[in-house]
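# Commentary on secondary and tertiary structure
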Amino acid sequence: MPVKLVQYWNILPATKSEFDTYFTRIYVPRINETGFMRMVGSWHVASGEGPYFITEGVAGTVTEVECLIMTPLYIDLRNRLLQLVRDFQSKLLVPIESMEPDVPDVEHGCKFNQHFNINPADYYAFLAFEEQVHLPEMKRFGLTLVGGWNVAVGATPYMIDETRADNLVTIGEMLENPAYQKLTLKLLQLVSNYGCKILVPSGHINT
């Protein structure tokens, strides 16, 4: 199953124009040309904690990501990027074994992502709730399930539920729905360090 390399940063205000040119014309195409990973989306965090610019790259295996990040080309690309941004972070995500991710060639729409740590004593109860209740219910609010991910490398929280919506209205209606609020309260009994983000396309890769 595919894996994701997710990178986060804040763009330096003084370098915004230079960043836009570098990211779209050099950083993304050069990474895609390696064949190890393809860049599928870039996002602004509309709601939730930063950093506020997020990129997603998809590879077939963890080994392919390792091959990419060890190449002199990638190291040079990242060093040039770091001159234009601050607060750089990255996470390597691997899918929950029982769930095949929905990863298009290029992302579309908006996203609603929830992240948390599972309470150790509730691990198996969480897995049952996640697969039988939580994720199926999210679909009923008009969202498409992208995937459930474990953070293999990177800072906690180490679980991410990723969903996609055609627009922000769908996400807003879900958040106001009492059924969603009850569902989240059930989730909070099984996890800690809960947070969520609403992502909108940045326009650099996806729209």
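Before going into details, it helps to say that this report is about the structure given with it. (Residues numbered from 1 in each chain as written. Predicted model: local features only at pLDDT ≥ 70, side-chain atom pairs only at ≥ 80, totals over all residues. Heavy atoms only, no water.)

## Looking at the overall build of the protein
A count of helices and strands for the protein gives six helices and eight strands. Secondary structure elements of the protein, listed N to C terminal, follow the sequence β-α-β-β-α-α-β-β-α-β-β-α-α-β. Whereas a compact globule of 207 residues would reach a radius of gyration of roughly 17 Å, the protein reaches 17 Å, a difference of no more than 12%. Each principal axis of the C-alpha atoms in the protein carries an extent, and together these give about 45 × 35 × 25 Å. (Helix = DSSP H or I, 4+ residues; strand = E, 2+ residues; numbered from the N terminus. Rg over C-alpha atoms; globule rule 2.2 N^0.38 Å.)

## Brief notes about the sheet that holds strand 2 (residues 38-47)
Here we have eight strands rolled up into a closed barrel, ordered 1-3-2-8-5-7-6-4, and antiparallel in their pairing. Averaged over all adjacent pairs, the angle separating strand axes in this sheet is 35°, with direction ignored. Relative to strand 8 (residues 191-201), strand 5 (residues 110-118) is paired through seven bridges, and the arrangement is antiparallel. Bridge assignment links Phe112 to a residue of strand 8, and that residue is Ile198. Against the sheet, helix 4 (residues 123-140) makes contact with strand 5, strand 6 (144-153), strand 7 (159-165) and strand 8, and its axis sits at roughly 165° relative to strand 5, the strand it touches most. (Pairing = 2+ DSSP bridges. Axes fitted to C-alpha atoms, helices over the stretch in contact; angles between N-to-C directions. Contact = heavy atoms within 4.5 Å.)

## Examining the packing of helix 5 (residues 168-176) against helix 6 (residues 178-188)
Packed helix pairs are specified by the crossing angle of their axes together with the interaxial distance, meaning the distance between the axes. Contact geometry for helix 5 and helix 6: axes closest at 5 Å, N-to-C directions at 70°. Classified by the angle between their axes, helix 5 and helix 6 sit roughly perpendicular to one another. Across from Met174, Leu175 and Glu176 in helix 5, the residues of helix 6 making contact are Pro178, Tyr180 and Gln181. (Parallel < 35°, antiparallel > 145°, perpendicular 65-115°, else oblique.)

## Describing the packing of aromatic side chains
In this structure the tally under the stated criterion is 15 aromatic pairs. Geometrically, the ring pair formed by Trp9 and Phe88 is stacked, given 6.0 Å between the ring centres and 10° between the ring planes. With Trp9 in strand 1 (residues 3-11) and Phe88 in strand 4 (residues 85-95), this pair connects stretches of sequence that are 79 residues apart. A relative accessible area of 0% means that Trp9 is categorised as buried. (Phe/Tyr/Trp six-rings, centres within 6.5 Å; stacked < 30°, edge-to-face > 60°. Buried < 20%, exposed > 50% of the residue type's maximum accessible area, 1.4 Å probe, protein only.)

## Here's the deal with the side chain of Thr163
By the element assignment, Thr163 lies in strand 7. Of the polar contacts made by the side chain of Thr163, one reaches the backbone oxygen of Phe112; its length is 2.6 Å. Leaving out residues up to four positions away in the same chain, Thr163 has contacts with Cys110, Lys111, Phe112, Asn113, Met138, Leu143, Thr144, Leu145 and Val146. (Polar contact = N/O pair within 3.5 Å; in protein donor to acceptor, adjacent residues only side chain to side chain.)

## With respect to the pattern of salt bridges
Taken as a whole and assessed by the stated rule, the structure comprises 11 salt bridges. Across the pair Asp87 and Arg86 runs a salt bridge whose closest N-O atoms are separated by 2.5 Å. You can call Asp87 partly exposed: its relative accessible area is 37%. When its relative accessible area of 43% is taken as the criterion, Arg86 is described as partly exposed. Residues Glu162 and Lys111 are paired through a salt bridge, measuring 2.3 Å at the closest nitrogen-oxygen approach. With Glu162 in strand 7 and Lys111 in strand 5, this pair connects stretches of sequence that are 51 residues apart. A relative accessible area of 0% means that Lys111 is categorised as buried. Through salt bridges with shared partners, a single ionic network connects Lys4, Glu56, Asp102, Glu107, Lys111, Glu162 and Arg164. (Salt bridge = Lys/Arg side-chain N within 4 Å of Asp/Glu carboxyl O.)

Nothing here speaks to function; it is all geometry.
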